[in-house]
Amino acid sequence: MNFGKTVSDLLRAGFSLSAAFFPKSKWEQPQEEACFDYQKNSNGKKFTIGFGKTEILPYDLDKKKYYVAGYSLNNPATGLLDPPYAHAVWIDDNSGRGGVVFVSIDNVGMLNKDVKAIRDSLSSFVRETGCRSLDILSTHSHAGIDTMGIWGPLPLSGRDKYYMEIVRAGVRSAVKKAYSDRRDGDLFLGTIQVPDMQKDIRTPSVFSKTLTRLRFVPDDGTREIYLINFASHSESLTGKNSLVSADFPCYLRRKIKEKTGAETIYFVGAIGGMITMELLDENRPKSTRMIGEKLADYALSIRREKKLKPNLSRIRQEFYLEADNSVLMLAASLGILKVDKYISKNTNLKFSLKTEMTYYELDTLKLLFLPGELFPELAYGGFLSANESASGFGDEVNPKTLSDICDDKNLLIFGLANDEIGYIIPPNDFLLDKDIPYLNRARDHH
């Protein structure tokens, strides 16, 4: 008797049957098509932009057990390397449509249910300021405190209610500081190639080497604001680490501030597959600092910039995903993962999850906010062939690349935006064990 297959079959059958007992309010509902608030030409003459940040560190880190997220399970924090933060930037193109807020949190990821809770807690702020959008992203630090629940002592959750309130309060504080800090000025776009810092540890070796910098220069001559996007996992401390840290983005932000006085908010790009940084020293904390500072040097060396016109358009679309992973669904049912399940007639387990994506056009720059870790080939191409892929299928089963859909090879991906659904994988590179899916590792035809 194959015990693993029996457990897997029972889990899948149990979820299919349990759907009949959920209230009707939990049924999957048709999604309204979102509206793009596009304006060809904005009336605004200047951008209005502000920055805020708040530390999100529990005062009792040395007394209470908190779990480091991103590597191994049940890894209690043993100390602090550098404090994690919630950063926020307010951006208004002065077109009359309202400002938008981008938040970046030093953690491994935020589930959509938590994102919605933060938005709800800022509802009065939204009404009072005319804010038209609030996006909450993560730097994907593998040295942050568990905000998802799956890095604790399973079957118990690694999430701490007190810490989640610290995170929520930190985001609210950072957002309000960003609004209070707003000033008029100009926004400049610059990019640079980073040829020697990343690596892809999984075939195919496809990733963006472009560091993108948006630099806000206020008219009053006060400190500037940098928005930086780069594609890499924030995991330079590696798997043996038990110190809480924002990883290399901390040291990137610090060096930029030391050199220029500017504040920086950092976002990750298409990092699935997976894209990580080359270590620069055997001492992991030292290497992490060196990586952040070297990346800051690249950001600071940008000379050629384009002044952007104050025109920011947006469309946000919610959608459902089939919940096929019976192991993660069990974690959700046990309260380890805090997600809302929706009954779906057309899925194997009869459940789906709701998530979202947001698309922006900032003058000529196109930005796509995605709820997970995108395999870069889905954005830029370079798929595995049938002979190379895990499934044995070729490129014909894969979708059109996102850059082709947007007709822009410079499409800028923002990962871990408003949700963490995990890796977003090309269809021809996705393989499950036929007998015990999600419990056994699958082996490809090679």
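Right above here is the structure, for reference.
Let me begin by describing the structure that accompanies this report. Please read these numbers as outputs of a predicted model, since none were measured by experiment.

**Examining helix α4 (residues 161-180)**
End to end, α4 covers 29 Å across 20 residues, agreeing with the expected 28 Å (1.5 Å per residue, within 8%). Listed as buried for α4 are Y163, M164, I166, V167, R168, G170, V171, R172, A174, V175 and A178. The secondary structure elements touched by the buried residues of α4 are β1 (47-55), β3 (85-92), β4 (100-105), α2 (112-121), α3 (123-129) and β5 (133-138). The N-cap of α4, judged by a side-chain oxygen 3.0 Å from the amide nitrogen of Y162 a few residues on, is D160.

**A closer look at α2**
Listing the buried residues of α2 in full gives N112, D114, V115, I118 and R119. For α2, the buried positions fall inside an angular range of 160° around the axis, keeping them on one side. Buried residues along α2 sit in contact with α3, β5, α4, β14 (312-322) and β16 (351-362).

**A short note on the layout of surface pockets**
Of the pockets and cavities examined, the second largest pocket occupies roughly 490 Å³. Residue lining of the second largest pocket: 26 residues in total, with T191, T210, T212, K409 and N410 positioned closest to the centre. When contributions to the lining of the second largest pocket are tallied by element, the ones reaching two or more residues are β6 (183-193), β8 (210-218), β9 (225-230), β13 (305-308), β17 (365-369) and β19 (412-414). At 4 residues, the largest contribution of residues to the lining of the second largest pocket is made by β6. Split by residue class, the lining of the second largest pocket holds 9 nonpolar, 11 polar and 6 charged.

Rules and cut-offs
- Residues numbered from 1 in each chain as written.
- Predicted model: local features only at pLDDT ≥ 70, side-chain atom pairs only at ≥ 80, totals over all residues.
- Heavy atoms only, no water.
- Helix = DSSP H or I, 4+ residues; strand = E, 2+ residues; numbered from the N terminus.
- Expected span 1.5 Å × (residues − 1).
- Buried < 20%, exposed > 50% of the residue type's maximum accessible area, 1.4 Å probe, protein only.
- Contact = heavy atoms within 4.5 Å.
- Polar contact = N/O pair within 3.5 Å; in protein donor to acceptor, adjacent residues only side chain to side chain.
- Arc of directions from axis to C-beta.
- 1 Å grid on protein atoms, 1.4 Å probe; cavity = no way out; pocket = protein on both sides within 12 Å on 5 of 7 lines; lining within 4 Å.
- Points joined across faces, edges and corners; volume = space filled by probe spheres on them.
- Nonpolar A, V, L, I, M, F, W, Y, C, P; charged D, E, K, R; others polar.

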